[in-house]
Structures are given as C-alpha cells and as structure tokens.
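Here's the letter readout for the chains.
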Amino acid sequence: MTADIVNLRKARKVRERAAKEKRAEENRAKFGRPKAERARMDAEEAIAARRLDAHRRETVETDDGTESDGGPAS
C-alpha cells in the first residue's frame, strides 16, 4: 500500500513547461506568418486602398470656402 513518491518541484516544472509551450504555440499561430505571406498581404492591402481611392469623388472648393463633391446643387 505504498504510494509513488512524487517530487513536487519536478511536477511543478513539468506543468509550467506545458503551459509555456501552449502559450508559445498560440503565439506562433498568431504572429508566425512567413515574410512572403506578410509581404503578399501588405501588397493586397495597398492595392485595395488604391482601388478605393480611385473611386473617390473629387472635392471642389466653392467661392464661400466650403467643399462640394462637384455634383448637382442640392
């Protein structure tokens, strides 16, 4: 009826290592994108921003100092 002797210090270290590895795995998934993938995503975002700016209406400043979109007077 003897129980296995457990070194509490070793058990604590094993538990802390497992928690640290889990946190590291989450960070790898969150931040660990390859450089090529980051560059591709940046390029896609830049293209989307340019496309959005290309569809923007020009603003025209009127005589009284206010800005108008150049459309019909309302």
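Not measured: the values here are computed from a predicted model.

Caption draft 1: Looking closely at the overall build of the protein. Check the secondary structure of the protein and you find 2 helices and 2 strands. Across the 74 residues of the protein, 0% fall into the buried class. Of the roughly 7600 Å² that the protein leaves accessible, carbon and sulfur atoms contribute 53%.

Caption draft 2: Looking closely at the confidence of the model for the protein. When pLDDT is averaged across the protein, the result is 86; 85% of the residues are at 70 or more. Mean pLDDT across the elements of the protein ranges from a minimum in strand E2 (residues 67–68), with 67, to a maximum in helix H1 (residues 8–31), with 94.

Caption draft 3: Broad picture of the pattern of salt bridges. The final tally for this structure, using the stated rule, is 4 salt bridges. Across the pair Arg12 and Glu16 runs a salt bridge, and its minimum N-O distance is 3.6 Å. Pair noted here: Arg12 and Glu16 are both in helix H1, with a separation of 4 residues, about one helical turn. Here Arg12 falls in the partly exposed class, since its relative accessible area comes to 35%.

Caption draft 4: Just H1, in detail. For H1, spanning 24 residues, the distance from its first C-alpha to its last is 34 Å, which sits close to the expected 34 Å at 1.5 Å a residue. If you check the start of H1, you find a side-chain oxygen 3.1 Å away from the backbone N of Arg9, and it comes from Asn7.

Caption draft 5: Representation of a positive patch on the surface within the structure. Together, Arg9, Lys10, Lys13 and Arg17 line one region of the surface with positive charge. On the secondary structure map, Lys13 appears in helix H1. Owing to a relative accessible area of 38%, Lys13 belongs among the partly exposed residues under this scheme.

What counts as what
Residues numbered from 1 in each chain as written. Predicted model: local features only at pLDDT ≥ 70, side-chain atom pairs only at ≥ 80, totals over all residues. Heavy atoms only, no water. Helix = DSSP H or I, 4+ residues; strand = E, 2+ residues; numbered from the N terminus. Buried < 20%, exposed > 50% of the residue type's maximum accessible area, 1.4 Å probe, protein only. Areas by Shrake-Rupley, 256 points an atom, 1.4 Å probe, with all protein chains shown as cover. pLDDT = per-residue confidence, 0-100. Salt bridge = Lys/Arg side-chain N within 4 Å of Asp/Glu carboxyl O. Expected span 1.5 Å × (residues − 1). Polar contact = N/O pair within 3.5 Å; in protein donor to acceptor, adjacent residues only side chain to side chain. Patch = residues over 30% accessible without salt bridge, like charges linked within 9 Å, V, L, I, M, F, W, Y side chains within 5 Å. Lys, Arg positive; Asp, Glu negative; His and termini not counted. Charge placed at Lys NZ, Arg CZ, Asp CG, Glu CD.

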